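Listed below, chain by chain, are the residues.
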Amino acid sequence: MSEKIIAPKGLAGVVTDETSISKVMPEINSLVYRGYKVQDLAESCSFEEVAYLMVNDDLPNADQLKAFTEKEKSYRGISDDLLSVIGKFPKGAHPMDTLRTGVSFLGLEDDRIWDNSPETSMDKFIGLLARIPTIIAASYRHHKGLDFIAPDSSLGMSENFFHMCFGKVPAKEIIKAFDVSLILYAEHSFNASTFTTRVITSTTSDMYSAVVGGIGALKGPLHGGANEQVMHMLKEVGEASVARQWMLDALAEKRKVMGFGHRVYRNGDSRVPTMKKYTEKMASFTGQEKWLEIANILEDTMVGEKGIYPNLDFPAGPAYYMMGFEIDMFTPIFVMSRVTGWCAHIMEQQANNRIIRPLSDYVGEGERAVRPVSER
Ligand code: COA
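Let me sum up the structure you'll find in this document. (Residues numbered from 1 in each chain as written. Predicted model: local features only at pLDDT ≥ 70, side-chain atom pairs only at ≥ 80, totals over all residues. Heavy atoms only, no water.)

## Remarks on the site of the ligand
Here comes step 1: Around the ligand lies a shell of 18 residues, among which Val-257, Gly-259, Phe-260, Arg-263 and Asn-311 are the nearest.
Here comes step 2: Here a nitrogen atom of the ligand and a backbone polar atom of Leu-222 are 2.9 Å apart.
Here comes step 3: Arg-263 has a polar side-chain atom sitting 2.7 Å from an oxygen atom of the ligand.
Here comes step 4: Among the residues forming the shell around the ligand, the class breakdown is 8 nonpolar, 5 polar and 5 charged. (Near = heavy atom within 4 Å. Polar contact = N/O pair within 3.5 Å; in protein donor to acceptor, adjacent residues only side chain to side chain. Nonpolar A, V, L, I, M, F, W, Y, C, P; charged D, E, K, R; others polar.)

## Quick notes on the environment of Gly-317
Here comes step 1: Mapped onto the fold, Gly-317 is located in helix α15 (residues 313-323).
Here comes step 2: Here Gly-317 falls in the buried class, since its relative accessible area comes to 0%.
Here comes step 3: Put simply, Gly-317 and His-232 are 85 residues apart on the chain and 9.2 Å apart in space, counted from C-alpha to C-alpha. (Helix = DSSP H or I, 4+ residues; strand = E, 2+ residues; numbered from the N terminus. Buried < 20%, exposed > 50% of the residue type's maximum accessible area, 1.4 Å probe, protein only.)

## Some details on the packing of aromatic side chains
Here comes step 1: Applying the stated criterion across every chain, the model contains 16 aromatic pairs.
Here comes step 2: Ring pairing ties together the aromatic residues Tyr-140, Phe-161, Phe-162, Phe-166, Phe-178, Tyr-320, Phe-325 and Phe-330, which thus form one cluster.
Here comes step 3: The ring of Trp-291 is capped by Lys-290, whose NZ or CZ atom sits 4.9 Å from the centre of that ring. (Phe/Tyr/Trp six-rings, centres within 6.5 Å; stacked < 30°, edge-to-face > 60°. Lys NZ or Arg CZ within 6 Å of the ring centre and 35° of its normal.)

## Examining helix α5 (residues 95-109)
Here comes step 1: Taking 1.5 Å of rise per residue, the 15 residues of α5 would be expected to cover 21 Å, and the 21 Å separating its terminal C-alpha atoms lies within 8% of that figure.
Here comes step 2: For α5, the set of buried residues is Pro-95, Met-96, Thr-98, Leu-99, Gly-102, Val-103, Phe-105, Leu-106 and Gly-107.
Here comes step 3: Looking at the buried residues of α5, the elements they touch are α4 (80-86), α6 (118-143), α10 (207-218) and α16 (330-351). (Expected span 1.5 Å × (residues − 1). Contact = heavy atoms within 4.5 Å.)

## Regarding the pairing of strand β1 (residues 22-25)
Here comes step 1: Looking at chain direction, β1 and strand β2 (residues 30-33) are connected through 4 bridges and run antiparallel. Along β2, the bridge assignment pairs Met-25 with Ser-30. (Pairing = 2+ DSSP bridges.)

## Some thoughts on the state of the cysteines
Here comes step 1: Under the defined criterion, the tally for this structure stands at 0 disulfides.
Here comes step 2: The structure places no disulfide on Cys-343, whose sulfur is separated from the nearest cysteine sulfur, that of Cys-45, by 20 Å.
Here comes step 3: In this structure Cys-343 comes out as buried when scored by relative accessible area, which is 0%. (Disulfide = S-S within 2.5 Å.)

## A short note on the pattern of salt bridges
Here comes step 1: Applying the stated criterion to the full structure yields 16 salt bridges.
Here comes step 2: Put simply, Lys-277 and Glu-43 hold a salt bridge, and the shortest N to O gap is 2.8 Å. Here the residue Lys-277 occupies a position in helix α13 (residues 272-286), and Glu-43 occupies one in helix α1 (residues 38-44), the gap between them amounting to 234 residues.
Here comes step 3: Taking relative accessible area as the criterion, Lys-277 reaches 35% and is therefore assigned partly exposed.
Here comes step 4: A salt bridge links Arg-112 to Asp-123; its shortest N-O distance comes to 2.8 Å. Of this pair, Arg-112 sits in the loop between α5 and α6 while Asp-123 sits in helix α6, and the two are 11 residues apart along the sequence. (Salt bridge = Lys/Arg side-chain N within 4 Å of Asp/Glu carboxyl O.)

Here it is as structure tokens:
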């Protein structure tokens, strides 16, 4: 084995492997997926095209897109068994926890679970991409005491998700903003949840287990859970007139303010300008400018006082709220998108694997004798 390397806490600044999926360039506030700028993808592509890009070398041509979307649409249904399990979930359970269990159940139902061949992994990925929105919507309907709405294969992914949650498809402006958010959330190199999926995959475990692990990591408020915390914060602030003082108090109390800061970006998150543009559109479209006003004051105060910039969760949280989603749906929506990046990384890890197994520096007790229980 090579000599011991002491990595900084949190693996900050440590490069652990290669990837050809995405590149985060903090020095120029840029992010590319397989060479394409994320802002260009958000403006010009559907989420389905970006999902295809994640697990292939390039954007699809018309035939490739048709085959991909047809398969995705045909996989959207979930079994009666899974539906009845969802029907037994505690009504108060958080949708990230119900989703984690739902995805785990998909693994139980797939008799190819141990087949990690590229063809089967690709097929499992499309199944996860198609069924995760159905599980989220079914859990939401159960939580509200409403009947399940089956997926509609005449609709695109974003439209179908609204249909399954609310029984109707909203205006095209809302669908576009939602699609943009999914594109921006799809992939971000070796973030905590993606790294988790790669660690699990590196043991030659299965794709469902890796995605379940990814969901567990994403749930935390320091990672994907921040988009929910941002909206709780905006509601707690309540009024634009008190927003500046609220932030000054939070900073004086040395509180971590959700939706700000990033391990990789120190001068602004490359995804924020595009998401902010669509959050602004949502504010004017839905007449809910209040949240934007509060958010802008919080941002100005944080940047002015600390030089810490908002991350993607800061504009995405209020955008989802204005679209009509309950706050605890925000991180599951993130999963709908990030499953593309996770599965791309899972397949990349499978293709060139070595178990991920770092060392630790033991700082516990020195060696000591075991005494019988009567003498302790
Ligand atoms: N609010 C207040 N202060 C913050 C902050 C925030 N959101 N994010 C970073 N800081 C401060 C830290 O307290 C630290 O200050 P110090 O040097 O005086 O101790 C400094 O900025 C550097 O931050 P650091 O803790 O080194 O960042 P990290 O790389 O370990 O953590 C995050 C990155 C994202 C986990 C962190 O910024 C955070 O907790 N943000 C809020 C949660 C969030 O929005 N997560 C979504 C990420 S996309």
